[in-house]
Amino acid sequence: MARDPKHDVLFQPIKIGPKTLRNRFYQVPHCIGAGSDRPGFQAAHRSIKAEGGWAGINTEYCSIHPESDDTHRLSARIWDEGDVRNLRAMTDYIHKYNSLAGVELWYGGSHAPCMESRATPRGPSQYASEFETLTYCKEMDFDDIAMVQQYYVDAALRSRDAGFDIVYVYGAHSYLPLQFLSPYYNKRKDKYGGSLENRARFWLETLEQVRRAVGHDCAIATRFAVDTLYGDAGVEVENDGIKFVGLADSLVDLWDVDVGDIAEWGEDAGPSRFYQQGHQVPWTRFIKQVSKKPVLGVGRFTDPEKMTEIVTKGIADIIGAARPSISDPWLPKKIEEGRYDDIRVCIGCNVCISRWEIGGPPMICTQNATAGEEYRRGWHPEKFPKKTSDDSILVVGAGPSGSECARVLMERGYTVHLYDTAAKIGGHLNQVTTLPGLGEWSYHRDYRELQIAKLVKKNKQSQVMLGQKPMTADDALAYGAEKIVIATGSSWNSDGTNCLSHDPLPGADASRADQLTPEQVMDGKKPIGKRVMILNADTYFMAPSLAEKLAMAGHEVTLVTGVHLANYMHFTLEYPNMMRRLHELHIKEIHNAFASSIEPGRAQIYDVFGDGSKRIFKGVGKIPRTPNASHRWMEFDSLVLVTGRHSNDSLHRELKARNGEWHKNGVRDVYLIGDAEAPRLIADATFTGQRLAREIEESKAQFPLPYRREVAVWGTSHMPGAEFDLEYKI
Ligand code: ADP
Ligand code: SF4
């Protein structure tokens, strides 16, 4: 199918200072856990996007000096010649595809805790970070200001030497330039504080100095949160926002604009649970009205229609994207070639971000299982190694893991039969996506459903068999496949087994009329009473999502939680608005409490920390603390057990137990993937499917091959040297 001519506008080159972007697709800076320390990862992840058509590709935030050290999280750094050399791998590989490489020069002030460097961060005024724990900055005097500005200049020069085409002065997400601009941080009374002109001075001077240093060779970009969303306590777009753009416009070749701050940066990287594509436009649309320079904005743009509208309506000149470029590194190429239904649409789950928030292990992606695996496992998102045998493969279970495994096996040319009792591909996602705000997560299923349908058309021997009777071990052995992949998923515990006691909960039993598992709530078949108690021992979204769903349906909901409610949602940036949602729906929360037993219509609740604080040796069989006396009964009409999950692995166990029958049935191996192996994130279940499909010829394919590590080895050269090259298993 040819590209719709309407979308041609997205492929028009645009000049930014001394450089030209070959089209309007631009990967804004985003974290991946590579930084400068894993040059192979950095080079491979970014350059695959250049190959996929992104015209501009950036590092993550890149520290200019040890005073801006974000350990325990992982940023890029351009502190010395070693960093220059490592980042050069990224720029060299990006340039092979005629794309431009950008670096986001970053100084964090007190939002950088400096746990590795032990340096003291400096800021416009002294304040305690609202994002970091226990971090204050030193208020800069004029000498400090000159020194820090020189850090930017030195880092810009090193960036140019590393081959970067675009050099940023990064002021979004409440980092240093914005701290000077915003009265929320800047309490100064001198020429750097007070009036807008004074608060803007630091940023303007820094831009001027960086421009003087590298402006002939590099485009100068600045990233600006045009509205910090606190009203006049911070920066408001119609006030300081557009005025600052007016003041800085002559110093900037490219405006990269967004909204929000760092403490709640989910307002920028908006999860689909709360924000749809283009959600920042009501704020960022003002910038083009003031600026004469190219402007780019973000907002999880994945739809070419929407992107075209952004450009043709003059809202922005360039489409900025972080998550859409992770989910589909080949998004521009697919639009260019009119392959619209091959786009792997970002579902907005923010699991990619969760890894940075946790502290910088390699990024993962729910949709794109190859993200973060490009260098270390040699995985290319769009190219697959050809099959090496004529084995046919039966995949039982068409959830995230089974459907991904089947898709990749089919891409490799294998004959695959994908089998499920359900009428639709998608597994547990078919229920999860009915929860409030999670509709866009269906793109995960839709992508696989469509790709598998196309692949089945290509290889008529492959089949998708839905709505079948449950596969038994007898059926699987007699099926006629050489290899059997079990992807039968997991279920929520119906007996209250939980991570606190590791045992069933006395009296918990979801076969009773007044108790339900999450699946039973979601399938809507069992009547639910007015007063609902949700008993929670899970740290992700299920309990708050069910609470939201039930409260919206008119139930009085009480959440009793023995673990930090929705803790993982801090990492996906969903936490603040999820909590606001629970409050506006009047959901009662009882924290640090769990049940010790259940009876019809009531649960015995205790405080998790209700036992004595002093540990005393009392001998065998005695708990070494004063016994917990906080137990009390609480009534409910219905109890929902969000206490834990277990793998549905009985089919696999039986097949393993009958391995003596494999040979005579022509079965060579049986594998277990996804939640059926261990319950986990959808991203990780998807990964196990892709991983097995790529390694299925290995003699012990159940277990992953080792991956290439980028580590310093004592007594050897630190990194691969002249022989360095990116190699994909294709
Ligand atoms: P995962 O996240 O690991 O992919 P899911 O729970 O989402 O797992 O999906 C598992 C799928 O396996 C579901 O669609 C379910 O219907 C299917 N399934 C489970 N047991 C069997 C079986 N014995 N025969 C056929 N399909 C099964
Ligand atoms: Fe999008 Fe989720 Fe992938 Fe992040 S992890 S890029 S939000 S699909």
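Residues numbered from 1 in each chain as written. Chains lettered and ligands numbered in written order. Predicted model: local features only at pLDDT ≥ 70, side-chain atom pairs only at ≥ 80, totals over all residues. Heavy atoms only, no water.

## Considerations on the site of ligand 2
Logical step 1: Residues in contact with ligand 2 amount to 13 residues; listed here are only the nearest, C346, C349, N350, C352 and C365.
Logical step 2: Counting only elements with at least two residues in the shell around ligand 2, the list comes to α10 (323-327) and α12 (351-358).
Logical step 3: Per-element accounting of the shell around ligand 2 gives the leading share, 3 residues, to α10.
Logical step 4: Looking at the shell around ligand 2 residue by residue, the classes come out as 7 nonpolar, 5 polar and 1 charged. (Near = heavy atom within 4 Å. Helix = DSSP H or I, 4+ residues; strand = E, 2+ residues; numbered from the N terminus. Nonpolar A, V, L, I, M, F, W, Y, C, P; charged D, E, K, R; others polar.)

## Examining the environment of V235
Logical step 1: Looking at the secondary structure, you find V235 in the loop between β10 (219-227) and α6 (237-248).
Logical step 2: The spacing of V235 and R658 is 423 residues in sequence and 67 Å in space, taken between C-alpha atoms.
Logical step 3: Those residues within four positions of V235 in sequence are excluded, and the remaining contacts are L178, L181, S182, F224, A225, V226, D227, T228, L229, D240 and G241. (Contact = heavy atoms within 4.5 Å.)

## What to know about the packing of helix α18 (residues 542-552) against helix α20 (residues 575-584)
Logical step 1: α20 packs onto α18 with a crossing angle of 30° between their chain directions and a minimal axis gap of 10 Å. In terms of crossing hand, the pair formed by α18 and α20 is left-handed. Here P544, A547, E548 and M552 of α18 come into contact with α20, specifically with M578, R581 and L582.
Logical step 2: Residue classes in the contact of α18 with α20 are distributed as 5 nonpolar, no polar and 2 charged. (Axes fitted to C-alpha atoms, helices over the stretch in contact; angles between N-to-C directions. Left-handed = near helix turned anticlockwise from the far one by under 90°.)

## Some words on the site of ligand 1
Logical step 1: In the region of ligand 1, 20 residues are neighbours, and S401, D420, H428, M471 and D675 sit closest.
Logical step 2: Measuring from an oxygen atom of ligand 1, one finds a side-chain N or O atom of D420 at 2.6 Å.
Logical step 3: The side chain of D675 places a nitrogen or oxygen atom 2.7 Å from an oxygen atom of ligand 1.
Logical step 4: Protein contacts shield 87% of the accessible area of ligand 1, which totals 590 Å² for the unbound molecule.
Logical step 5: Here the shell around ligand 1 is composed, by residue class, of 8 nonpolar, 10 polar and 2 charged. (Polar contact = N/O pair within 3.5 Å; in protein donor to acceptor, adjacent residues only side chain to side chain. Areas by Shrake-Rupley, 256 points an atom, 1.4 Å probe, with all protein chains shown as cover.)

## Looking at α18
Logical step 1: With 9 of its 11 residues buried, α18 lies for the most part within the structure.
Logical step 2: Listed as buried for α18 are M542, A543, P544, S545, L546, A547, E548, L550 and A551. (Buried < 20%, exposed > 50% of the residue type's maximum accessible area, 1.4 Å probe, protein only.)

## Observations concerning the environment of G102
Logical step 1: Locating G102 in the fold gives a position in strand β6 (residues 100-106).
Logical step 2: On the basis of relative accessibility, which here comes to 0%, the residue G102 falls in the buried class.
Logical step 3: In sequence terms G102 and Q12 are 90 residues apart; their C-alpha atoms lie 20 Å from each other.
Logical step 4: Apart from residues lying up to four places away in sequence, G102 is in contact with I57, N58, T59, M90, F164 and I166.

## Comments concerning the pairing of strand β4 (residues 56-63)
Logical step 1: Burial of β4 is extensive: 8 of the 8 residues sit out of reach of the surface.
Logical step 2: Direction of pairing for strand β3 (residues 25-27) relative to β4: parallel, over a ladder of 2 bridges. Across the sheet, the residue bridging to Y26 is G56, located in β4.
Logical step 3: With 6 bridges joining them, β4 and β6 adopt parallel strand pairing. Across the sheet, C62 pairs through a bridge with L105, a residue of β6.
Logical step 4: Inspection of the sheet shows β4 paired to strand β5 (residues 76-77) by 2 bridges, in the parallel sense. The residue bridging S63 from the neighbouring strand is R77, located in β5. (Pairing = 2+ DSSP bridges.)

## Some remarks on the sheet that holds strand β26 (residues 638-642)
In a beta sheet, neighbouring strands pair by backbone hydrogen bonds and run either parallel or antiparallel.
Logical step 1: A sheet is described by the order of its strands in space; here 5 strands give the open sequence β19-β26-β20-β21-β22, paired in parallel fashion. For this open sheet the edge positions go to β19 (515-516) and β22 (588-591), each flanked by a neighbour on one side alone.
Logical step 2: One ladder, built from 4 bridges, connects strand β21 (residues 556-561) with β22; its direction is parallel. Within β22, the residue paired with V560 across the bridge is I590.
Logical step 3: Docked against the sheet, α18 engages β20 (531-536), β21 and β26, running at close to 170° with respect to β20.

## Remarks on the side chain of S403
Logical step 1: Following the sequence through the fold, S403 ends up in helix α13 (residues 400-411).
Logical step 2: Look at S403 and you get buried, because its relative accessible area is 2%.
Logical step 3: A distance of 2.7 Å separates the side chain of S403 from the backbone oxygen of G399, its partner in a polar contact.
Logical step 4: Excluding residues that lie within four positions of it along the chain, S403 makes contacts with G397, A398, L418, I425, R448 and I452.

## Here we look at helix α2 (residues 81-95)
Logical step 1: With 15 residues, α2 should reach 21 Å at 1.5 Å per residue; the first-to-last C-alpha distance of 20 Å fits that figure.
Logical step 2: Maximum bend of α2: about 25°, positioned at L87.
Logical step 3: Looking at α2, one finds that the buried residues are D83, V84, N86, L87, A89, M90, T91, Y93 and I94.
Logical step 4: Packed against the buried residues of α2 are α1 (39-51), β4, β5, β6 and α3 (142-161).
Logical step 5: Its side-chain oxygen at 3.1 Å from the backbone nitrogen of G82, D80 defines the N-terminal cap of α2. (Expected span 1.5 Å × (residues − 1). Bend = angle between axes of the 7 residues up to and from the residue.)

## Points about the nonpolar core
Logical step 1: Counting residues in each nonpolar core, the largest one holds 97 residues, and the members touching the most others are L105, Y152, F224, F244 and W255.
Logical step 2: The element contributing the most residues to this core is helix α5 (residues 196-214), with 8 residues.
Logical step 3: With residues up to four places along the chain from it excluded, the contact list for W255 reads T222, F224, F244, V245, A248, D249, S291, K293, P294, V295 and L296.
Logical step 4: Formed by 39 residues, the second largest nonpolar core is a distinct cluster that contains I347, C349, L516 and V532. (Core = buried A, V, L, I, M, F, W, Y, C linked by side-chain atoms within 4.5 Å.)

## Focus on the domain arrangement of the chain
Logical step 1: Per the domain assignment, the segments of the chain are domain 1 (5-358), domain 2 (392-489 + 648-695) and domain 3 (493-645).
Logical step 2: Counting from both sides, the interface comprises 10 residues of domain 2 and, opposite them, 14 residues of domain 3.
Logical step 3: At the boundary of domain 2 with domain 3, total buried surface from both sides reaches about 1,000 Å², with 68% on carbon and sulfur atoms.
Logical step 4: The largest per-residue losses of area from domain 2 upon contact with domain 3 belong to Q431, L435 and P436, which jointly make up 49% of the total buried on that side.
Logical step 5: At the boundary of domain 2 with domain 3, the tally comes to 1 salt bridge. (Domains from an automatic or database assignment. Buried area = accessible area lost by both parts, 1.4 Å probe. Salt bridge = Lys/Arg side-chain N within 4 Å of Asp/Glu carboxyl O.)

## What to know about the sheet that holds strand β23 (residues 593-599)
Logical step 1: Pairing in this open sheet of 3 strands is antiparallel, and the strands run β23-β24-β25 from one edge to the other. Because the sheet does not close on itself, it has two edges, and the strands there are β23 and β25 (632-635). When strand polarity is set aside, the average angle formed by the axes of neighbouring strands in this sheet is 35°.
Logical step 2: As judged from the 6 bridges shared by β23 and strand β24 (residues 602-607), these two strands associate in the antiparallel manner. Bridging from a neighbouring strand, F594 pairs with Y606 of β24.

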